[in-house]
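# Structural description and commentary
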Amino acid sequence: MAARPAPYLDDLNPAQREAVECLDGPVLMLAGAGTGKTKALTARIVHLLNTGRARPNEILSVTFTNKAAREMKERVGRLLGQAIEGMPWLGTFHSICVKLLRRHAELVGLKSNFTILDTDDQIRLLKQLVQAAGIDDKRWPARQLAGIIDGWKNRALTPDKIPTADAGAYNHRGVALYAQYQDRLRQLNAVDFGDLLLHMVVIFQTHPDVLAQYQRWFRYILVDEYQDTNVAQYLWLRLLAGGHKNICCVGDDDQSIYGWRGAEVGNILRFEKDFPGAHVVRLEQNYRSTAHILAAASNVIRGNQGRLGKELWTEAEHGEKVRLIGHWDGEEEARWIGEEIEAMQRGTRGLRAFGLDEIAILVRASHQMRAFEDRFLTIGLPYRVIGGPRFYERLEIRDAMAYFRLVVSPDDDLAFERIVNTPKRGLGDKAQQTIQTTARANGVNLLEGARIAVDDGLIKGKGGAALRTLVEDLRRWGRMAGDPDLTHMELAEMVLDESGYTTMWQNDKTPEAPGRLENLKELVKALENFENLQGFLEHVSLIMDNEQADADQKVSIMTLHAAKGLEFPAVFLPGWEDGLFPSQRSMDESGLKGLEEERRLAYVGITRAEEICTISFAANRRVFGQWQSALPSRFIDELPEEHVEVLTPPGLYGGGYGAAAAPASAVRGTIETRASEANVYNSPGWKRMQARAGERGTSQPRESRNTVIDATAVSSFTVGERVFHQKFGYGTVTGIEGDKLDVDFEKAGPKKVVGRFLSASDD
Ligand code: ATP
Ligand code: MG
């Protein structure tokens, strides 16, 4: 390819250009959020191609999510101004390693059609091993062992390499169980997530010829979000770059947010030692956010010690200050954000009008999403959830996938176990035990074991007949998977129908059943984007978030972790309360490590915003069914006043929504007392907020609330008292039992209700 003029270089600043044009040898781009690291990395790929330094399939580029990989591919194509013949090695660590491992599986004792287990399968398998070892898995949960093993894999430690310091793990049984687990995975022809990298590192370390082949093949290596690589990923990169050392890593130590998953920010600090003579490029101009937003973010991150300390600047205007608002509870926060988004669509408070796809809600914990989902469904506000409770984790989807997995790979014993009696085939524990022992005695997989057990008459009667049908069906479907006249969508539908799985939900009378059938339809629909079942299964096991590519106008809801690298004109950051953000765990920890990671997360959150950043918190929140009162996050106190505007909280100061049918005395007084009991308003952040709201003359206790949220409210009711319920209206208490009350509602009739949803009626 002859070098052509390079317009993609024109919109880079000199420092970015330097990082792009310095093609040979190691390059480290270390810079803060929004300084154009990813942009420069993309331009570098284009430059490599444009100058003919490498062909698309000779460039290895690692992104943090599949979505980022997709976007980068698109951008490269656009910048290059011509279609590229695909970039097979542009992807996440995991997706790249799956491809490599399929080629070399036999070197670690696997077959190339190995299955990738998800966390659920992994834990089920570990539980079996734990129980077989006679360990009380109530005291020593398998989940805990899974965490320990993941930790070792993240550090690229095979069972024989575990340091003595770790010998005591899982009551001194961890190392042995890890070894057993790896053996069992091999028998199942399966790997877990951690194995994808671990196996590749082992292969590279033990087969220099294979390594040399790839060192030559991947002429250039590029890595985005380098600050979040773990030891295994780091070793893998170092091995691959060991020959030519043409490696370019970009990252930001202030955005290292995966320490809990084994990421080592030290990798980025060590780069210059590992690659002597590395060219280090620093970028300082932020192109993403307004000055107020950037200043707020910078001030928060300044609270961390031991950072490299980068100062960012921007030519952008001051823009809007970061907006801060407090709410009475999480539901109200969701309600307010819903209304605010609708107002923003129209253009409100003097702001421009925003499209829904320009707006994102970034939460600390995925359980926060539910309130927004509920609220947005109620008001019909289109949204998409990225990450969080994933579609592919739903029960019916996992069952269906287990069928598909078995069709593709009969060795997949975990899938077999999952569906052998789903739908019910009359195969109880005993029959399943028989299948297990038969399989073990014959050294075959469970499917084959089932066949033998039925043939030999070990499982008889109705169950035996049903099992025979299942075994035969699975084989038949397996053969059909190779039939060119049948699409994999048709096959999938056939499997779900003929297995009786769809019928099972059609006959199910629970309220969830219709939704599950919808989901199954959706699943078959999702297959269309793939060439075959195996490709689809691979995709599903790799997606870390539920990334839908539809371009419809929707608000995005995702965790802060999932938002890394992304940007949105308007960002909402709800739930800034101590215990939620920063997380309780990070606050309980001795030392600052956890808290500093939370602060980096806050920095990541604020720096996603281009124009409008709204931070909020609630005084009460229901976490896993329990009401908790909370203090505003300590990070709120770190927001510099001059860059923050405090909005009037509707819940407390009467800013609210329709002063409708609520009795006044129910609330008067209770808010202040409850609030001070909960110590909610003692933080400087809240006081400041209240003072400012007061200055505007809006500091009036709201008289129109109709919900009293506190368990202590229960004791204040007496039999015969007239009460008000948000949903059922007025009624009279007829009985009290703990926190539950019998109420005879005037319109809705007698009901049992929870006290905290009631308020005393004063009319
Ligand atoms: P993060 O740390 O959040 O991943 P980043 O450093 O990767 O951020 P980019 O996402 O590459 O930053 O860029 C941020 C925004 O700034 C993008 O919208 C990008 O198009 C824009 N941008 C980057 N560099 C320039 C430039 N030289 N001129 C104009 N806009 C730029
Ligand atoms: Mg980036």
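Our subject in this report is the structure included herewith. (Residues numbered from 1 in each chain as written. Chains lettered and ligands numbered in written order. Predicted model: local features only at pLDDT ≥ 70, side-chain atom pairs only at ≥ 80, totals over all residues.)

What follows deals with helix α8 (residues 174–187). Along an α-helix, a turn takes 3.6 residues, which lines up residues three or four apart on a common side. Taking 1.5 Å as the rise per residue, α8 with 14 residues should run 20 Å; its terminal C-alpha atoms sit 20 Å apart, in good agreement. For α8, every residue scored as buried is listed here: Gly174, Val175, Leu177, Tyr178, Tyr181, Gln182 and Leu185. Across the axial projection of α8, the buried residues extend over an arc of 160°, all falling on one side. Against α6 (119–132), α7 (142–154) and β5 (190–191) lie the buried residues of α8. Within two residues after α8, Asn189 carries a phi angle of roughly 50°, on the positive side. (Helix = DSSP H or I, 4+ residues; strand = E, 2+ residues; numbered from the N terminus. Expected span 1.5 Å × (residues − 1). Buried ≥ 20, exposed ≤ 12 C-beta atoms within 10 Å, placed from the backbone. Arc of directions from axis to C-beta. Contact = placed C-beta atoms within 7 Å.)

Turning next to the packing of helix α5 (residues 93–104) against helix α9 (residues 193–206). The relative placement of two packed helices is expressed as an angle between their axes plus a distance between the axes. Remark: α5 packs on α9, axes separated minimally by 9 Å, with the N-to-C direction vectors making an angle of 55°. Here α9 runs oblique to α5, going by the angle between their axes. Regarding α5 and α9, the two cross each other, and that crossing is left-handed. Contact residues: α5 offers Phe93, His94, Cys97, Val98, Leu100, Leu101 and His104, while α9 offers Phe193, Leu196, Leu197, His199, Met200 and Ile203. Per-class residue counts for the contact of α5 with α9 are ten nonpolar, three polar and no charged. (Axes fitted to C-alpha atoms, helices over the stretch in contact; angles between N-to-C directions. Parallel < 35°, antiparallel > 145°, perpendicular 65-115°, else oblique. Left-handed = near helix turned anticlockwise from the far one by under 90°. Nonpolar A, V, L, I, M, F, W, Y, C, P; charged D, E, K, R; others polar.)

For the rest of this paragraph, the subject is the site of ligand 1. Near ligand 1 you find 19 residues, and of these Gly36, Lys37, Thr38, Lys39 and Tyr287 are the closest. When its residues are assigned to classes, the shell around ligand 1 shows four nonpolar, nine polar and six charged. Looking at the shell around ligand 1, you find at least three residues from each of domain 1 (7–99 + 199–285) and domain 3 (295–390 + 550–695). (Near = placed C-beta within 6 Å. Domains from an automatic or database assignment.)

Look at the link from Thr422 to Pro423: it is a cis peptide, with omega at 0°. Cis peptide bonds are those with omega within 30 degrees of zero, and the linkage from Phe581 to Pro582 qualifies with 5°. Tracing the backbone shows Pro582 in the loop between β13 (568–573) and α25 (584–588). We note that Tyr170 has phi near 50°; this positive angle belongs to a residue other than glycine. Structurally, the position occupied by Tyr170 is in the loop between α7 and α8. The phi angle at Lys245 is positive, at roughly 60°, despite the residue not being glycine. Among the structural elements, Lys245 can be located in the loop between α11 (231–241) and β7 (247–251).

The subject of this paragraph is the sheet that holds strand β2 (residues 59–63). Strand order across the open sheet formed by six strands is β3-β2-β6-β7-β1-β8, with parallel pairing between neighbours. What marks the edges here is a single partner per strand, and that holds for β3 (90–92) and β8 (279–283). The mean angle between the axes of side-by-side strands here comes to 15°, regardless of whether they run parallel or antiparallel. Alignment of strand β6 (residues 220–223) against β7, held across three bridges, turns out to be parallel. Following the sheet pairing, Leu222 is matched in β7 by Cys248. Contacting β2, β6 and β7, α11 runs over the sheet at an angle of about 155° to β6. Those strands touched by helix α12 (residues 266–274) are β1 (27–31), β7 and β8, and its axis lies near 145° from that of β1. (Pairing = 2+ DSSP bridges.)

With that settled, consider the nonpolar core. Ranked by internal contacts, the top residues of the largest apolar core, which has 191 residues, are Met29, Met200, Ile221, Tyr403 and Phe404. Among the nonpolar cores identified, the runner-up in size contains six residues, and Val723, Phe724, Leu741 and Val743 belong to it. (Core = buried A, V, L, I, M, F, W, Y, C linked by C-beta atoms within 7 Å.)

Compared with the 21 Å implied by 1.5 Å per residue over 15 residues, the 21 Å span of helix α4 (residues 66–80) between its first and last C-alpha is a close match. Inspection of α4 places Lys67, Ala68, Ala69, Met72, Lys73, Val76 and Leu79 among the buried residues, and these make up the whole buried set. For α4, the elements touching its buried residues are α1 (7–10), α3 (37–50), β2 and β3.

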